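Residue-level structure breakdown
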Amino acid sequence: MLATLFGVALAHLVAGLTDPAASPVLAVGSQVIDLTPTPMKEWAIQQFGTWDKPILIGSVFAGVLVLSAVAGLLTLRRFEHGAGLLIALVGLAAAATINRPVFEPVDLLPALAAAVGGVAALFWLHRAARPAPQAPEDAAAAPQHVPDEAPRASRRGVLVAAGVLAAAAAVLGGAGRWIAQQRTRISDVDLPAAANPAPPLPAGLEEKVPGISPFRTPNGDFYRVDTRLTLPVIDVDDWTLTIDGDVEEELTFTFEEILAMPMVERDITLTCVSNDVGGEYVGAARWLGVPLKDLLDRAGVGADADQLFSTDVEGMTISTPLDLATDGRDALLAVGMNGEPLPLEHGFPARLVIPGLYGFISATKWISRITLTTYAEQDSYWTKKKWATDAPIKISSRIDTPKSLTTIDPGDTFIGGVAWAQQTGGVARVEVRVDGGPWTEAKLGPDGGNDYWRQWYLPWQAESGQHSLAVRAINGDGETQTPVRMTPFPEGSSGVQEIVVTVA
Ligand SMILES: Nc1nc2c(c(=O)[nH]1)N[C@H]1C(S)=C(S)[C@@H](COP(=O)(O)O)O[C@H]1N2
Ligand SMILES: [Mo]
């Protein structure tokens, strides 16, 4: 197990220098993600939330360690057998690496490092664990008699070797991570000012209503959803965005060329199709970017396309209905988020942000290509997995405070939260229902525009006992959030959030 740990850590270091996603455990983990059936993936997201990835990586690691223990036992009989099993494990990781959408031969270096490092460490441990060698005559004369000192000496040897390997593994693994992070130089990026800025965002309700989501989500708190287990390494000097397919002229932009285009600033709420009623996968930010229309107009969209098929730097694909992306809404190629370059987690150096559509059909991070094509011709990652291709964000509302299943003090308090209804006139009204009574109109927070969420609150005199609280929103077109429950798959959850709190 130690030998494996060492091999994996050495590989992680090498991956930090080549491509972090080619680190063996992560390559296998990504393969597992891609092979997991959608219902099971949704189940994992519901169960583990944002812990889904650490749990996945932990499980792959645990499996590898169990097999490594078997390799260790085999080594007791014959070194070659244990080493063979380790190499087979590395072979699996290499296969997963080759199977990635973007594969280059250098991506096999981490696996090679894992094999060499793992087997060398195993050999070393194996030797350390062997009884001290006897003089040839002794060994021949009394093979069954092992001197007392020998096992003790070897135990000490194993402990020392184990300690050295564990320490080396920690240093190598940590170094790999650090190197990978250093290679993307986000701080070197200077964002231009917006030619078309957004008005100042009014102060939110967070001062008044403790526990409510802040009107603007800080970048560090913004939810993250993607299929990646590692963040890509991006060199902005090498990064380009290509627009191709059914266009009059195929175009490729450098990051510098993108930054030189006129920028707009927009306040837009982003949410995930996997967000369950009352869930955390929603955030609101001020985005700086180039209108998607400007880029498409330059390339000249052909007559046949009905799909924007975008590809990220790793080959991940996302499809967007062309008619919706170009119907006049503020679809952006964003480079800035809340006054900073996009954080690496959120798509540095550029991503799409399209109001009114769930992120899985609109918000391609680390984007590198936009292909104008048709749904008949090309299926994106989630289309292949039978998720909807046309998925407008449903009218939604969430209770932030009080928290479900908590106990609060009796007396004057607030029920509060956020609601969103993009591309449908925004949130016109929010209503709260206490203990199944009548729907009562809540007070709305400041207006951040129709594509932005709205904070809301209702003063509440909490009396001792158990209470159920429900919320629903009504959009600018007068449409009320449906009470009909739907699961996130295949086109987003629906239903009214109802929570229970105890007042004592
Ligand atoms: N390259 C890439 N972009 C992606 C994804 C992904 O897996 N890969 N996930 C999408 C999904 S499902 C959502 S909800 C949003 C989330 O964006 P965020 O992580 O910045 O909140 O990104 C979208 N863009
Ligand atoms: Mo999503």
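Residues numbered from 1 in each chain as written. Chains lettered and ligands numbered in written order. Predicted model: local features only at pLDDT ≥ 70, side-chain atom pairs only at ≥ 80, totals over all residues. Heavy atoms only, no water.

When you go through the chain residue by residue, the secondary structure sums to twelve helices and 19 strands. The dimensions of the chain, computed from C-alpha atoms along their principal axes, are 95 × 70 × 40 Å. Buried positions account for 51% of the 504 residues belonging to the chain. Across the chain, 37 positive and 58 negative side-chain charges occur, with their mean positions spaced 7 Å apart. (Helix = DSSP H or I, 4+ residues; strand = E, 2+ residues; numbered from the N terminus. Buried < 20%, exposed > 50% of the residue type's maximum accessible area, 1.4 Å probe, protein only. Lys, Arg positive; Asp, Glu negative; His and termini not counted. Charge placed at Lys NZ, Arg CZ, Asp CG, Glu CD.)

Before going further, it helps to examine the packing of aromatic side chains. For the structure on display, the rule yields 14 aromatic pairs. Plain terms: the ring middles of Trp-43 and Phe-48 are 5.7 Å apart, the flat faces sit at 80 degrees to each other, and that makes the pair edge-to-face. On the basis of relative accessibility, which here comes to 48%, the residue Trp-43 falls in the partly exposed class. Taken together, the aromatic side chains of Phe-360, Tyr-381, Trp-382, Trp-387 and Phe-489 make up a single cluster linked through ring pairs. Lying across the ring of Trp-366, Arg-228 places its NZ or CZ 5.5 Å from the centre. The ring centre of Tyr-381 lies 5.0 Å from the NZ or CZ of Lys-385, which sits over that ring. (Phe/Tyr/Trp six-rings, centres within 6.5 Å; stacked < 30°, edge-to-face > 60°. Lys NZ or Arg CZ within 6 Å of the ring centre and 35° of its normal.)

Moving on, we come to the pattern of salt bridges. The tally for this structure, following the rule as stated, stands at 19 salt bridges. Taking the shortest distance from any N to any O, the salt bridge between Arg-224 and Asp-226 comes out at 2.8 Å. On the basis of relative accessible area, Arg-224 is assigned to the partly exposed category, the value being 27%. For Asp-226, a relative accessible area of 12% translates into the label buried. One salt bridge connects Glu-314 with Arg-228, and the closest N-O pair in it is separated by 3.9 Å. You can see Glu-314 sitting in the loop between strand 5 (307-312) and strand 6 (317-321) and its partner Arg-228 sitting in the loop between helix 8 (149-183) and strand 1 (240-245), a full 86 residues away along the chain. This pair shows no difference in class: Glu-314 is buried, exactly as Arg-228 is. (Salt bridge = Lys/Arg side-chain N within 4 Å of Asp/Glu carboxyl O.)

Of all hydrophobic cores here, the largest spans 99 residues; its most connected members are Ile-243, Ile-258, Trp-287, Leu-292, Leu-295, Ile-370 and Leu-372. Among the elements that make up this core, the one with the highest residue count is strand 4 (residues 282-291) (six residues). Those residues in contact with Ile-370 that lie beyond four places of it in its chain are Leu-241, Thr-242, Ile-243, Asp-244, Leu-292, Leu-308, Phe-309, Ser-310 and Leu-352. Counting 20 residues, the second-largest nonpolar core is a separate cluster that includes Ile-415, Ala-419, Val-432 and Leu-469. (Core = buried A, V, L, I, M, F, W, Y, C linked by side-chain atoms within 4.5 Å. Contact = heavy atoms within 4.5 Å.)

Turning next to the site of ligand 1. Surrounding ligand 1, one finds 20 residues, the nearest of these being Tyr-223, Asp-312, His-346, Arg-351 and Lys-365. Between an oxygen atom of ligand 1 and a side-chain N or O atom of Arg-351, the distance comes to 2.7 Å. In this structure, Lys-365 approaches ligand 1 through a side-chain N or O atom, which is 2.5 Å from an oxygen atom. Its residues assigned to classes, the shell around ligand 1 comprises eleven nonpolar, four polar and five charged. (Near = heavy atom within 4 Å. Polar contact = N/O pair within 3.5 Å; in protein donor to acceptor, adjacent residues only side chain to side chain. Nonpolar A, V, L, I, M, F, W, Y, C, P; charged D, E, K, R; others polar.)

The next thing to look at is the sheet that holds strand 19 (residues 497-503). Reading across from one edge, 12-19-18-14-15 is the order of the five strands in this open sheet, with mixed pairing throughout. Each edge of the open sheet is held by one strand with a lone partner, namely strand 12 (407-408) and strand 15 (439-441). The pairing of strand 12 with strand 19 spans two bridges and is parallel. Residue Ile-408 lies in a different strand from strand 19, and its bridge partner there is Val-503. (Pairing = 2+ DSSP bridges.)

This paragraph deals with helix 3 (residues 38-48). Listed as buried for helix 3 are Thr-38, Lys-41, Glu-42, Ala-44 and Ile-45. Along the axis of helix 3, the buried residues cluster in a sector spanning 160 degrees; they form a single face. Helix 3 presents Pro-39 and Met-40 as exposed residues on the side facing more than 90 degrees away from its buried surface. Check the buried side of helix 3 and you find it contacts helix 2 (24-35), helix 4 (52-77) and helix 12 (381-384). Gly-49, located one to two residues past helix 3, shows a positive phi value of around 55 degrees. (Arc of directions from axis to C-beta.)

Across its twelve residues, helix 2 extends 17 Å between first and last C-alpha, which sits within 8% of the 16 Å expected from 1.5 Å per residue. Its buried side turned inward, helix 2 meets helix 1 (2-17), helix 3, helix 4, helix 5 (79-98), helix 6 (109-129) and helix 12. (Expected span 1.5 Å × (residues − 1).)

Let us now look at the sheet that holds strand 16 (residues 443-444). Taken in spatial order, the four strands line up as 11-13-17-16 in an open sheet, and their pairing is antiparallel. Sheet topology places strand 11 (396-401) and strand 16 at the edges, where each strand pairs with a single neighbour. Relative to strand 17 (residues 454-462), strand 16 is paired through two bridges, and the arrangement is antiparallel. Looking across to strand 17, one finds that Lys-443 is bridged to Tyr-457.

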